[in-house]
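# Structural description and commentary
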Amino acid sequence: MNLLDGQLFFALIAALILSWVAGLLIARRYRNKVLELMMVGDAPDDSVAKDLVVNNFPISRRPVKRVTEPSTKLIAPGRYLSRNPKADSTFSADSEGDRFSVEGIDLFRQNSHALWRLRIAFTLVSAIVAIVVALSAQTAYVEEAYSWRRTTILTLVYAWPLVPGIGLLERWLRWKILIVSVFYMLLAGLLVIVSSYDRQISVEMMFWLFGQQVPLLVFVFFMTGPKLRAVGPYLLIVFFLLAASSLTGLNILEQALGDEPDSWVMDWVSATNAYFVFILFSVAPWLLAYYPVRLLARGVATAYRKKLFSEPLYLFSGLWAIALLFHAMVLSHSLGFEAYVVLFAWVIIPLSFVVLAPVLRQRHQAPTLLLLRVFRSDNRIESLFDQIVERWRYSGKTLLIAGKDLSLRTLEPDELFTFLSGHLQERFISSETRLQQALQDLDLLPDLDGRFRINEFFCFDGTWQRVLSVLAHRANCVLMDLRGYCSDRQGCSYELSVLAAMPHLRRLVILFDKQTDRKTAEHLLKNSLTKIDWIDSDAKSDSEFSQKILKPLLTA
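Structure report, in brief.

The rules we used
- Residues numbered from 1 in each chain as written.
- Predicted model: local features only at pLDDT ≥ 70, side-chain atom pairs only at ≥ 80, totals over all residues.
- Heavy atoms only, no water.
- Helix = DSSP H or I, 4+ residues; strand = E, 2+ residues; numbered from the N terminus.
- Contact = heavy atoms within 4.5 Å.
- Areas by Shrake-Rupley, 256 points an atom, 1.4 Å probe, with all protein chains shown as cover.
- Buried < 20%, exposed > 50% of the residue type's maximum accessible area, 1.4 Å probe, protein only.
- Pairing = 2+ DSSP bridges.
- Axes fitted to C-alpha atoms, helices over the stretch in contact; angles between N-to-C directions.
- Parallel < 35°, antiparallel > 145°, perpendicular 65-115°, else oblique.
- Left-handed = near helix turned anticlockwise from the far one by under 90°.
- Nonpolar A, V, L, I, M, F, W, Y, C, P; charged D, E, K, R; others polar.
- Patch = residues over 30% accessible without salt bridge, like charges linked within 9 Å, V, L, I, M, F, W, Y side chains within 5 Å.
- Salt bridge = Lys/Arg side-chain N within 4 Å of Asp/Glu carboxyl O.

## Some words on the overall build of the protein
- On a plain count of helices and strands, the protein comes out with 21 helices and 9 strands.
- The contacts of the protein with a sequence gap of at least 6 include a subset with a gap of at least 24, amounting to 80%.
- For the protein, the exposed surface amounts to about 26900 Å²; the carbon and sulfur share of it is 62%.

Shown next, in the form of structure tokens:
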């Protein structure tokens with residue numbers, strides 16, 4: 001079993017390194033490609049209509065004049081044509097469905113309860129999987145009868161992947177995940193010491209405790225940073241299969257050589273050289289594995305589109321898959337190949353969330369948030385996304401226009417593989433027909449974890465204004481990040497003018513700082529009928545800042 005363990009370990013390490021390098025390159029290329037397509041003045045095809053008509057209101061491609069008075073023409077009674085009745089009933093501003101009613105429901109409290117339900121679900125599922133691991137460990141190392149006391153203690157120890165799982169769910173910084181994980185294991189170690197007969201700590205015990213954490217913490221450190229989280233974890237399984245195929249090829253080479261110096265492989269070595277043959281048996285399996293791996297990638301993208309998993313559930317399941325694999329590798333030294341049966345415990349995770357889905361999913365009619373911002377290169381908008389939008393997803397849907405600044409925050413598996421296949425441009429709004437199709441494809445239902453997905457619209461520079469009007473018409477409330485805004489930001493000025501002409505909006509929350517030209521923004525919004533909350537980003541701590549933004553949005 002040592003040979004198999006070594007090969008699995010090598011495949012994981014090779015996959016980690018390859019995924020890290022490829023992920024950085026792909027993430028950088030994706031961001032640049034999004035920006036490149038955004039800068040295209042008009043859609044790069046001949047099918048673009050000169051004027052797009054939305055809800056009987058023509059949105060011209062000509063430069064837009066500043067709106068000074070609310071216009072009911074923007075809220076014309078006609079509906080946008082759609083073949084999706086659910087999309088119409090949910091997103092038509094004049095339909096009963098869009099006037100979301102939450103009488104008797106405190107959305108602010110519901111949001112907090114939904115977060116805690118998901119935390120409890122993660123804890124419960126981790127405990128069930130950890131019980132299986134604890135029982136398998138006792139089978140391998142304990143000769144006496146099973147002890148519920150020992151099983152409980154081992155369950156608490158082996159359940160520690162819960163910590164990085166919740167950390168990734170709530171987008172903790174990596175150093176915070178590391179600190180909390182170590183603190184958890186220190187508490188588990190203290191419990192082991194108190195429960196032991198001699199109540200003494202040993203080097204072996206501490207090595208065993210913290211040795212449980214190393215593989216996962218290495219994965220978290222390299223694969224879940226802000227630039228890699230949306231790319232690396234999906235590439236890891238691809239490169240793991242490719243690395244495993246290379247090891248299989250080398251095993252075939254070893255078997256072909258055997259103890260016979262006159263084998264056909266030696267003839268190849270004589271005709272070329274040993275390095276060529278070695279590389280051939282290492283790389284050629286990649287060609288054979290190409291189509292199965294490609295099929296797997298498509299399967300992952302399809303499963304995501306069908307809502308069979310969400311990003312947090314994928315990461316949570318991935319953490320446990322790595323933990324179970326390393327646990328099986330350790331147990332194999334005592335149990336042999338039978339130790340790998342423990343990998344079947346992973347099936348508990350998806351089955352559990354299928355069972356828990358009715359409990360986690362929200363029952364109220366979900367409001368819709370439109371996120372607008374000043375495009376800039378700093379990471380403040382990413383921080384705002386992590387603090388506000390990620391929390392909002394427990395209560396409602398989110399619409400936004402895609403941009404380079406949030407491209408790696410909103411990148412989904414199907415978009416990733418679409419980009420890798422060279423078809424990202426097909427996601428961009430290029431015509432009225434394409435916009436209609438994008439509206440039909442809106443993801444309006446929550447995932448198994450109860451959270452709603454982000455609906456982003458990829459726009460060319462000549463189409464974003466039309467798309468903005470459609471999205472604003474269908475939103476219930478708007479969060480606009482105006483930090484760094486000035487009158488020269490004509491795009492934001494246009495957005496403010498459009499919002500001023502949307503009397504159906506229930507709440508507009510605007511974030512500003514010392515650099516914000518608030519006077520100009522207030523002038524553009526002077527005739528707005530929407531309740532406006534101005535939030536000073538320089539005035540509060542992170543927790544108070546988040547609460548001050550979320551509360552008006554959730555009580556709109």
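This is not the end of the story, as more comes after the structure.
## Looking at the environment of L37
- The residue L37 is located in helix 1 (residues 2-38) in this model.
- The buried category is assigned to L37, whose relative accessible area is 4%.
- For the pair L37 and Q425, spaced 388 residues apart in the sequence, the C-alpha separation amounts to 7.3 Å.
- L37 has contacts with L424, Q425, F428 and F460, leaving out every residue within four places of it along the chain.

## With respect to the pairing of strand 7 (residues 477-481)
- Buried residues dominate strand 7, accounting for 5 of its 5 residues.
- Burial along strand 7 is two-sided: the face carrying C477, L479 and D481 and the face carrying V478 and M480 are both buried.
- The pairing of strand 3 (residues 368-373) with strand 7 spans 5 bridges and is classified as parallel. In the strand pairing of strand 7, L369 is matched with C477.
- With 5 bridges joining them, strand 7 and strand 8 (residues 507-512) adopt parallel strand pairing. Pairing of L479 across the sheet is with V509, part of strand 8.

## A closer look at the packing of helix 3 (residues 107-141) against helix 13 (residues 348-360)
- Relative to each other, helix 3 and helix 13 sit at 150°, their axes nearing to 11 Å. The angle between helix 3 and helix 13 falls in the class roughly antiparallel. You can see that helix 3 and helix 13 cross each other, and the crossing is right-handed. Residues R117, L118, A121, F122, V125, I128, V129 and V132 of helix 3 lie in contact with helix 13, whose contacting residues are I348, I349, S352, F353, L356, V359 and L360.
- The class makeup of the residues in the contact of helix 3 with helix 13 is 13 nonpolar, 1 polar and 1 charged.

## Section: the environment of T248
- Tracing the sequence through the fold places T248 in helix 9 (residues 232-257).
- By relative accessible area, T248 is classed as partly exposed at 44%.
- Taking the C-alpha atoms as reference points, T248 and Q7, separated by 241 residues in sequence, lie 9.4 Å from one another.

## So, unusual backbone geometry
- Within the chain, R171 stands out as a residue other than glycine whose phi angle is a positive 55°.
- Tracing the backbone through its elements, the reader meets R171 in the loop between helix 5 (162-169) and helix 6 (174-195).
- With a phi angle near 65°, K307 is a residue other than glycine that sits in the positive phi range.
- According to the relative accessible area criterion, K307 is buried, its value standing at 13%.

## Remarks on helix 16 (residues 413-420)
- For helix 16, a buried count of 7 out of 8 residues is recorded, marking the element as mostly surrounded by other parts of the structure.
- All of the buried residues along helix 16 are P413, D414, E415, L416, F417, T418 and F419.
- Once helix 16 finishes, G422 follows within two positions and takes phi at roughly 85°, a positive value.

## Looking at a nonpolar patch on the surface
- On the surface, F9, I13, I17, W20, V21, L24 and L25 cluster together into a nonpolar patch covering about 620 Å² of accessible area.
- Position of V21 relative to the elements: it lies in helix 1.
- Look at V21 and you get partly exposed, because its relative accessible area is 40%.

## Focus on the pattern of salt bridges
- A full pass over the atoms with the stated rule returns 20 salt bridges.
- Across the salt bridge formed by R451 and D449, the nearest N and O atoms sit 3.9 Å from each other. For the pair R451 and D449, a shared accessibility class is recorded, and that class is buried.
- Three or more residues are tied together by salt bridges with common partners; here these are R171, E382, D386, E390, R393, R409, D449 and R451.

## Here we look at the packing of helix 3 against helix 4 (residues 148-158)
- Axis separation between helix 3 and helix 4 bottoms out at 8 Å; the angle between their running directions is 120°. Classified by the angle between their axes, helix 3 and helix 4 sit oblique to one another. Relative to helix 4, helix 3 is oriented so that their crossing is right-handed. Between helix 3 and helix 4, the residues in contact are A127, A130, I131, V133, A134, L135, A137 and Q138 and R150, T151, L154, T155 and Y158, respectively.
- Per-class residue counts for the contact of helix 3 with helix 4 are 9 nonpolar, 3 polar and 1 charged.

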